[in-house]
Amino acid sequence: MKKLVLLFAVVVASISVASAQERGQWTLGPKMNIYANSGDGAIFSLGAFARYNPTDAWRLEPAVSVLFHSGCSVDIGCDVHYLFEVAPKWYLYPLAGITVSDIGKWGFGMNLGAGTDFAIARNWDLTAAVKWMPVFESLRKNPIVISVGACYKF
């Protein structure tokens, strides 16, 4: 219950803060995830992410998610994106990163995948991604994570 209250506070705070495709911009937003192939069936999660663009093409994305399954766990990670502009309001990106997760028990791993952002308003983007999360622990399956979210640019 405490994790759910904390997550709700993070999501509410993230809506009032903010996305980035220009050097030096920050983004903040909520997201929801589905962890498939986790060994426990599909697991639903809610979380928040921030983004920072050190250059126009490179972006860092730290994120935290609370997973809702028996035992309620946390996934903390940081990804690097390289942005490709497909159209004036649409970006595609490959991603790679690291993650720490306690699905079952704590494990360290990496993220490999791809995503997209689409601007729906001057400061608002919709975002979606799919990534494979190989975790370096022999007893755990490596989930595929499907994410959708919204972000505000400031």
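See above for the structure.
Since the model is a prediction, treat every value here as computed from it, not as a measurement.

Asks: Whenever I open this one, the side chain of S147 confuses me. Can you help?
Replies: With respect to the element layout, S147 can be found in strand β9 (residues 144–153). Within polar-contact distance, the side chain of S147 engages the side chain of N33 at 2.5 Å. When near neighbours in sequence (up to four residues on either side) are disregarded, S147 contacts M32, N33, T127, A128 and A129.

Asks: What is the right way to look at the pairing of strand β2 (residues 43–52) in this model?
Replies: A regular strand places its side chains so that they alternate between the two faces of the sheet. Most of β2 sits out of view: 7 of its 10 residues are buried. Pairing analysis gives 10 bridges linking strand β1 (residues 26–36) to β2, with the strands arranged antiparallel. Paired with K31 across the strands is G47, a residue of β2. As defined by bridge partners, β2 adjoins strand β3 (residues 58–68) across 7 bridges and the pair is classed as antiparallel. Its bridge partner being in β3, Y52 is matched across the sheet by L60. Between the antiparallel neighbours β2 and β3 lie 5 residues.

Asks: In this structure, what is going on with the environment of K153? I would like to understand it.
Replies: When you line up the elements, K153 lands in strand β9. Measuring from C-alpha to C-alpha, the distance between K153 and W26 comes to 6.1 Å, with 127 residues separating the pair along the chain. A distance of 3.3 Å separates a polar atom in the side chain of K153 from a polar atom in the side chain of D125.

Rules used in this analysis
Residues numbered from 1 in each chain as written. Predicted model: local features only at pLDDT ≥ 70, side-chain atom pairs only at ≥ 80, totals over all residues. Heavy atoms only, no water. Helix = DSSP H or I, 4+ residues; strand = E, 2+ residues; numbered from the N terminus. Polar contact = N/O pair within 3.5 Å; in protein donor to acceptor, adjacent residues only side chain to side chain. Contact = heavy atoms within 4.5 Å. Buried < 20%, exposed > 50% of the residue type's maximum accessible area, 1.4 Å probe, protein only. Pairing = 2+ DSSP bridges.

So, to be careful, I would describe these as geometric facts and stop short of saying anything about function.
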